[in-house]
Structures are given as C-alpha cells and as structure tokens.
Amino acid sequence: MDFNVKKLASDAGVFFTRAVQFTEEKLGQAEKTELDAHLENLIARADCTKNWTEKIFRQTEILLQPNPSARIEEFFYEKLDKKIPMRTTNGELLGQYMLDAAKDFGPGTPYGSTLITVGEYQKKLGGAERDFLQTSAINFLTPLRNFLEGDWRTISKEKRLLENRRLDLDVSKARLKKAKLAEAKAAAAPDFQETRPRNYVLSASASALWSEEVDKAEHELRVAQTEFDRQAEVTRLLLEGISSTHVNHLRCLHEFVEAQATYYAQCHKHMQELQKELRRIPNAFTGSPSTSAVLAGPSGLSSSSLPGASPPARPPVSSGHSGLEASTLKIEEVQPPATGTRKAKVLYDYDAADTSELSLLADELITVYTVPGMDPDWLIGERGNQKGKVPVTYLELLS
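Rules behind the numbers
- Residues numbered from 1 in each chain as written.
- Predicted model: local features only at pLDDT ≥ 70, side-chain atom pairs only at ≥ 80, totals over all residues.
- Heavy atoms only, no water.
- Helix = DSSP H or I, 4+ residues; strand = E, 2+ residues; numbered from the N terminus.
- Buried < 20%, exposed > 50% of the residue type's maximum accessible area, 1.4 Å probe, protein only.
- Contact = heavy atoms within 4.5 Å.
- Pairing = 2+ DSSP bridges.
- Phe/Tyr/Trp six-rings, centres within 6.5 Å; stacked < 30°, edge-to-face > 60°.
- Lys NZ or Arg CZ within 6 Å of the ring centre and 35° of its normal.
- Core = buried A, V, L, I, M, F, W, Y, C linked by side-chain atoms within 4.5 Å.
- Axes fitted to C-alpha atoms, helices over the stretch in contact; angles between N-to-C directions.
- Parallel < 35°, antiparallel > 145°, perpendicular 65-115°, else oblique.
- Left-handed = near helix turned anticlockwise from the far one by under 90°.
- Nonpolar A, V, L, I, M, F, W, Y, C, P; charged D, E, K, R; others polar.
- Patch = residues over 30% accessible without salt bridge, like charges linked within 9 Å, V, L, I, M, F, W, Y side chains within 5 Å.
- Areas by Shrake-Rupley, 256 points an atom, 1.4 Å probe, with all protein chains shown as cover.
- Salt bridge = Lys/Arg side-chain N within 4 Å of Asp/Glu carboxyl O.

Participant: Would you mind going over the overall build of the chain with me for this structure?
Facilitator: Looking only at helices and strands, one finds nine helices and five strands in the chain. Burial statistics for the chain: of 399 residues in total, 30% are counted as buried. Within the chain, contacts between residues at least 6 apart in sequence are counted, and of these 70% link residues at least 24 apart.

Participant: Mind showing me how you'd approach the pairing of strand β4 (residues 386–391) here?
Facilitator: Successive residues of a regular strand alternate their side chains across the two faces of the sheet. When strand β3 (residues 378–383) meets β4, the two strands line up antiparallel, connected through six bridges. By the bridge assignment for β4, Arg383 is matched with Gln386. The loop that links β3 with its antiparallel partner β4 comprises two residues; one of these, Gly384, has a positive phi angle of about 65 degrees.

Participant: Teacher, can you tell me more about the packing of aromatic side chains here?
Facilitator: Both the distance between ring centres and the angle between the ring planes are used here to describe each pair of aromatic rings. Per the counting criterion, the structure on display carries eight aromatic pairs. Arranged with centres 5.0 Å apart and planes meeting at 10 degrees, the rings of Phe132 and Tyr263 form a pair that is stacked. Residue Phe132 is found in helix α5 (residues 110–186), and its partner Tyr263 is found in helix α7 (residues 242–280); the two are separated by 131 residues along the sequence. You can call Phe132 buried: its relative accessible area is 9%. Here Tyr348 and Tyr394 contribute two aromatic rings whose centre-to-centre distance is 6.2 Å and whose plane-to-plane angle is 85 degrees, an arrangement assigned as edge-to-face. One end of the pair, Tyr348, is in the loop between β1 (342–346) and β2 (365–369); the other, Tyr394, is in the loop between β4 and β5 (395–397), and 46 residues separate them in sequence. The burial state of Tyr348 is the same as that of Tyr394; both residues are buried. Put simply, the rings of Phe132, Phe140, Phe256, Tyr263 and Tyr264 touch in pairs and so form one group of aromatic residues. Over the aromatic face of Tyr121 sits the side chain of Lys124, whose NZ or CZ is 4.4 Å from the ring centroid. Positioned over the ring face of Trp378 is Lys389, at 5.3 Å from the centre of the ring.

Participant: Help me out: how do you make sense of the nonpolar core in this one?
Facilitator: Note on soluble globular proteins: their nonpolar side chains tend to be buried together. Within the largest apolar cluster, 34 residues are counted, with the highest numbers of intra-cluster contacts made by Leu35, Leu39, Phe132, Leu162 and Leu239. Those elements giving two or more residues to this core turn out to be α2 (37–64), α5, α6 (198–240) and α7. For this core, the leading source of residues is α5, giving 14 residues. In this view, Phe132 contacts Leu64, Phe256, Ala259, Gln260 and Tyr263; residues no more than four positions away in its chain are not counted. Formed by 20 residues, the second largest nonpolar core is a distinct cluster that contains Tyr348, Met374, Leu379 and Ile380.

Participant: Just to check I follow, could you spell out the sheet that holds β2 for this structure?
Facilitator: The pairing of strands in a sheet comes from backbone hydrogen bonds and takes either a parallel or an antiparallel form. A sheet is described by the order of its strands in space; here five strands give the open sequence β4-β3-β2-β1-β5, paired in antiparallel fashion. Because the sheet does not close on itself, it has two edges, and the strands there are β4 and β5. Ignoring strand direction, the axes of neighbouring strands in this sheet form an average angle of 40 degrees. Here β1 pairs with β5 via three bridges, running antiparallel. If you follow Val346 over to β5, its bridge partner there is Leu395.

Participant: Is there a simple way to explain the pairing of β1 in this structure?
Facilitator: Relative to β2, β1 is paired through four bridges, and the arrangement is antiparallel. Its bridge partner lying in β2, Lys345 is registered against Leu365.

Participant: Which parts of the structure should I look at to understand the environment of Leu141?
Facilitator: Tracing the chain through its elements places Leu141 in helix α5. Sequence separation of Leu141 and Leu253 is 112 residues, and the distance between their C-alpha atoms is 9.7 Å.

Participant: Sorry if this is basic, but what is going on with the packing of helix α4 (residues 90–105) against α5 here?
Facilitator: Packed helices, taken two at a time, are described by the angle between their axes plus the distance between the axes. Where α4 contacts α5, the two axes come as close as 7 Å, and the packing angle between them is 165 degrees. As the angle between them shows, α4 and α5 are arranged roughly antiparallel. Judged by the sense of rotation from one axis to the other, the crossing of α4 with α5 is left-handed. When grouped by side-chain class, the residues that make up the contact of α4 with α5 number ten nonpolar, eight polar and five charged.

Participant: I'm lost on a nonpolar patch on the surface in this one. Help?
Facilitator: Taken together, the side chains of Leu250, Leu253 and Val257 define a hydrophobic patch exposed on the protein surface, amounting to about 250 Å² of accessible area. Looking at where Leu253 falls in the secondary structure, it is placed in helix α7.

Participant: Got a minute to help me understand the pattern of salt bridges in this structure?
Facilitator: A pair can form between side chains of opposite charge whenever their charged atoms are brought close. Under the definition given, this model contains 16 salt bridges. Of the charged contacts in the structure, one is a salt bridge between Arg166 and Glu163, with a shortest N-O distance of 2.9 Å. With Arg166 and Glu163 both in helix α5, this residue pair falls three residues apart, about one helical turn. Residue class for Arg166 comes out buried when judged on its relative accessible area of 2%. What makes Glu163 partly exposed here is its relative accessible area of 30%. With a shortest N-O distance of 2.8 Å, Glu364 and Arg383 are connected by a salt bridge.

Distances and angles like these do not, on their own, reveal function.
Next up, the structure:
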C-alpha cells in the first residue's frame, strides 16, 4: 500500500511538472524541443489519413444504411459481439406488398397480373441490394473500421507517449539550466571585506551543493534524451506504416466500386427484363382512343408514355386523305408554317415505312407541325435536315 501511495504521488508530481511545462510553452515562457521535419510530416500525414478515413467511413455507413436507428442497432450488435439479424430491404418489402395486393385484386385481372410481375422483380432488386450491402460492409467498411479502432489507436497512444517524453526532456533542460545559473552564482568571488570567516565556509558549501545538483540534472537530461529518441523512433516506424494503410484502402476502394458496378448492372438487367415482361401483358387502357384522350392530360401525356407500356400500333392512313396526300403532299416541298411549330419528345423507336416517313429514336426531341390536308394521326417531323411524316401516338407534345 505504501508503495502504491508513493507511486501515485510520484505520478502526480510528473503530471504536474508536465502541465507546468506545457503551459509555459503555450505562453512563450519556456523553450520547446521541436521534432525533426520528417517526423512532423509523418504526423501531419497520419492525422490527415485518420480524419478523412473517418469521414469516408461515416458517409459510407449513411449511404449503405440511411436509417439512423438501424445503424445504432447494428452498432450495439457489433459491440455485444452478436450476429446482426437479417433485415428485409425496402425493395423486398415493396415486392411482397405488391404480391399480397395482387391476391386481393385478383391475379387474373390486368392490374393483379401486372402487380405480380412487378412485385417479383422488386424482390429481385431488393435481393441485389442485400448482396451489395453485405459485400460493401465486408470489403470496404470493415477495413476502414479496423484501421480507426486498431492501428490508429496504437498510433495515438505512441504519439501521446512521445509528447510526454518531449515534455520530460524540456523539463530536464530547464532544470539543468537553472542549476547551472545557481552554481555560477554560488561560485562567484566572495566579498573579501567580510570579517567573518564563516561566510567563506557557507559559500563553498553552497557551491558544492549546486555542483551536485548540476550533475544530477545532467544525468536526468541524458536519460530523458535517450527515452525521447527511442520513443521518436518507435513513433516514426508506426507512422511510416500509413503508406501500407493507403495501399490497403486503395484495394478496398476498388472492391467497393466493383460491388457498386455489379449491383447497378444487376438492377439494369432486372429493369430491362421487367420492361419486356410488361410489353407482353396487354394493357386495358391503350385500346380505346377515347380512353387515351381521357388519360392524356393538359401536358399531352398519354398512356403510351407510361413506363413499361408497349409502343402503340402504326396509325393507318385514312382512305379519305390518302389520295389527297399522294397527289398534293410532297415531303420535300413542305415548308414549316411561320407559327404553329412545336417541340415533341419521342416515346418509342419508330421505323419509317417509306421515304415519306421519318424514323424516330426514343427520348429524342424533334420539331413537329401540321399542314393542310394531312391525316390527323400524323404530323410532319423535322430533325436537322431530315423531314418526314411521324405518328402522333409515338410523341409527347411539349409546350
């Protein structure tokens, strides 16, 4: 017990002297031993690595799991060293809701059968998301966490120890400086006018005491310098390992990008397959012109522009206008009116049946207008120097 009390008192004394030295350095009242430039650069590089790794880690966590409550739950499971329970993804949950709704609406109805198809693909998208989350957590998040909770803690501990050794070294330097000043003052020539010989004895005794104090301070300085140099070397070796950390994180970053690319490729593939499936399902709202007119709102968006809808049939040329168009309408001679031209977005690919028509590509923008004598189901479309008839049902007229 006595030993522990003495050790506690000694540690408290060391802590106090370090605090005094640190405070005086901040106030400019004490000299500070500077680290060599190489070590300072290594420390700055390590601090930068830690700060950015922490930010990237936190933001990646948010990207993979936007729900804060779920992140906190996963954190506690990890700290308790328990397996994180399997959590249903939003895509899987949406797909299951659609499948359940189809049972109530009737699987044989157009809406019910479509819900089944879309629901199954939503579950596939959710499964792809689950694989991406697991792969990214293992290959990217875990290495970053291991660095922050493992290597960086060791580096931080050695950096703090190096700072303490530096403070001890500067305290020893300050003590030696004070002892030498006191020794020089005590060794100064005594006052020979003094009549009492006892003063000469006291002066010699004080000089000897300060000489011993100087020897003791020099010994402490040598020990402090040795410990500081040893700790600086240990810290330098650890900090130089940051380069290996960068190489490891670079490899993990490539794996993260590969996981993202695989995930988005799977999503794209599933959506293409879903669109093909939807085109095979007959739409109850595309057969009647009156229904299409009702569904087309003020913006001119018809049912044919809805995602997954199949391209409408090629509009026929009415017999009442075919002769007129054949005899009077020559595409190359048609001129756009001064007013009345509009921009239109192409909804589906369209292959021209003859030279009088203009082939279209989905999502492109063209200029359209009408001319007297044309069938109302057709417009004249222009794309640069190209001109030809285009079907209205393949377009979304823009204001």
